[in-house]
Amino acid sequence: MDCCGIDSDSLMLAIQLQCQDLDECERSRKGKHREDEIIDSDVALEACRRELKEVATLISDQALCISIARAVESDAQLIAEAKAAEEQAASDRAFALRLSGNPNATPSTTVAKAHEKKRPGDHLDDASIERFKLMNRFAPDHAESSSSAASRKELATILELASQNGWQQCKMCKRVVELAHGCNHISCKCGSQFCYVCGKRWKTCTCPQWHEERLYSRANAIVARANDAARIDEAVRQRRVEQERLNLIENHECTHERWRGRPGPRECEECLQVLPLFIYECRRCHIMACRRCRYNRL
């Protein structure tokens, strides 16, 4: 019980002190009136004593109720967590059985009853299931379905396109990445670091760290978007390109700590979104990014 910010123990102490005051008052009044005489002050003292006892009982009962409620709440949380873990395990097992591609594999009786109304994976069609198998390099021992064959053909087309364009595939998560600018050191979203040229783990190959053609292409792009790019002569432009090439080499692992605003329209070099009014540009490596990419990707 919490009365005006006072806890139960403090309230019980206050009631105990008031009872002691009543006892002291009663002792001080003895011998001042006849033994069989009932006066108003004695009735008031007795009524006050009964009221204090009732309040003390109420406080004690409420404290007990709060303790029981907290215990029930704590146990309910544990029970809910255990139930959720059990349901999740059953869901994972049923989904794994379906992904296994074994037509004779069925969940246990308990799992089937628990998921009679809503089984895991019911919202996925066969094409999605087959695509999921393909992504995880699952090799079923039964005949390949038409949707799986189409998925494999689609993946082969993507890999062929990546090979033609010089893109690289992460060996860990199988993502296909394209290097637009910067050195050949790729840091994938999965945490893997590899060489963009050969795909091997970073610093385990003899590939060059830079491609001069890509460096000059990036340097030319940076110089071309300067405010006075249309007014400078060729000699000045070439000097600026060389300066930017050296700057890119020096800041190839830029941490993007200093930014400046550039008026639009400009295209974000991370998500390729065109911002009509305003964009951020890193002062060191000159990458342009929208607000979302600046704070969440770079």
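Keep in mind the model is a prediction, meaning the values are calculated, not measured.

## Points about the overall build of the protein chain
Counting its secondary structure elements, the protein chain contains eight helices and nine strands. Here the protein chain holds 298 residues, and the buried ones make up 26% of them. Within the protein chain, contacts between residues at least 6 apart in sequence are counted, and of these 43% link residues at least 24 apart. Summed over its atoms, the accessible surface of the protein chain is roughly 21,200 Å², and 52% of this surface lies on carbon and sulfur atoms.

## Things to note about unusual backbone geometry
Gly264 connects to Pro265 through a cis peptide bond whose omega is 5 degrees. Note that Pro265 resides in the loop between β5 (259-263) and β6 (266-267). At Lys203, a residue that is not glycine, the phi angle is positive and equals roughly 70 degrees. Assignment of secondary structure puts Lys203 in the loop between β4 (193-195) and α6 (212-224). Accessibility expressed as a relative area gives 73% for Lys203, which makes it exposed.

## A few points about the sheet that holds β5
One open sheet accounts for three strands, arranged β5-β8-β9; its pairing is antiparallel. Of all the strands in the sheet, just β5 and β9 (288-289) have a single pairing partner and so form its edges. Pairing analysis gives five bridges linking β5 to strand β8 (residues 278-282), with the strands arranged antiparallel. Among the inter-strand pairings, Arg260 is bridged to a residue of β8, identified as Glu281.

## Quick word on the pairing of β8
With four of its five residues buried, β8 lies for the most part within the structure. In this sheet, β9 lies alongside β8 in antiparallel orientation, the contact comprising two bridges. Looking across to β9, one finds that Tyr280 is bridged to Ala289. Between β8 and the antiparallel strand that follows it, β9, lie five residues; His286 among them carries a positive phi value of about 70 degrees.

## Thoughts on the packing of α6 against helix α7 (residues 234-250)
Relative to each other, α6 and α7 sit at 120 degrees, their axes nearing to 8 Å. With respect to each other, α6 and α7 are oriented oblique. At the point where α6 passes α7, the crossing takes the right-handed sense. Two secondary-structure elements touch here, α6 through Glu212, Leu215, Tyr216, Arg218, Ala219, Asn220, Ile222 and Val223 and α7 through Arg237, Arg240, Val241, Glu242, Glu244, Arg245, Leu248 and Ile249.

## Thoughts on the pattern of salt bridges
Tallying each qualifying case throughout the model produces eight salt bridges. With a closest N to O distance of 2.9 Å, Glu281 and Arg260 form a salt bridge. Separated by 21 residues along the polypeptide, Glu281 in strand β8 and Arg260 in strand β5 bring together distant segments of the chain. When its relative accessible area of 2% is taken as the criterion, Glu281 is described as buried. For Arg260, a relative accessible area of 32% translates into the label partly exposed. The partner of Glu281 in a salt bridge is Arg262, and the shortest N-O contact between them spans 2.8 Å. One end of the pair, Glu281, is in strand β8; the other, Arg262, is in strand β5, and 19 residues separate them in sequence.

## So, the side chain of Asn247
Turning to its location among the elements, Asn247 is positioned in helix α7. Here the side chain of Asn247 touches Arg284 through a polar contact of 2.6 Å, landing on its backbone oxygen. Leave out the neighbours within four places in its chain, and Asn247 touches Arg284, Cys285 and His286.

## Quick notes on the nonpolar core
Core analysis: the biggest nonpolar cluster contains 13 residues, and Trp259, Cys268 and Cys282 have the highest contact counts within it. Looking at this core, the elements that each hand over two or more residues are β8 and β9. Not counting residues up to four positions away in its chain, the partners in contact with Cys268 are Gln273, Leu275, Ile279, Met288, Ala289, Cys290 and Cys293.

## Here's the deal with the packing of aromatic side chains
Enumeration over the complete set of coordinates arrives at two aromatic pairs. When the ring of Trp259 is compared with that of Tyr280, the centres are 6.4 Å apart and the planes differ by 80 degrees; the resulting orientation is edge-to-face. Remark: Tyr280 occurs in strand β8 and Trp259 occurs in strand β5; sequence separation between them is 21 residues. Given a relative accessible area of 15%, Tyr280 falls into the buried group. Centroid distance Phe278 to Tyr280: 5.1 Å. Interplanar angle 85 degrees. Geometry classified as edge-to-face. Among the aromatic residues, those joined into a cluster by ring pairs are Trp259, Phe278 and Tyr280. Against the face of Tyr280 rests Arg294, its NZ or CZ located 4.5 Å from the ring centre.

Here is what the cut-offs are and how they apply
Residues numbered from 1 in each chain as written. Predicted model: local features only at pLDDT ≥ 70, side-chain atom pairs only at ≥ 80, totals over all residues. Heavy atoms only, no water. Helix = DSSP H or I, 4+ residues; strand = E, 2+ residues; numbered from the N terminus. Buried < 20%, exposed > 50% of the residue type's maximum accessible area, 1.4 Å probe, protein only. Contact = heavy atoms within 4.5 Å. Areas by Shrake-Rupley, 256 points an atom, 1.4 Å probe, with all protein chains shown as cover. Pairing = 2+ DSSP bridges. Axes fitted to C-alpha atoms, helices over the stretch in contact; angles between N-to-C directions. Parallel < 35°, antiparallel > 145°, perpendicular 65-115°, else oblique. Left-handed = near helix turned anticlockwise from the far one by under 90°. Salt bridge = Lys/Arg side-chain N within 4 Å of Asp/Glu carboxyl O. Polar contact = N/O pair within 3.5 Å; in protein donor to acceptor, adjacent residues only side chain to side chain. Core = buried A, V, L, I, M, F, W, Y, C linked by side-chain atoms within 4.5 Å. Phe/Tyr/Trp six-rings, centres within 6.5 Å; stacked < 30°, edge-to-face > 60°. Lys NZ or Arg CZ within 6 Å of the ring centre and 35° of its normal.

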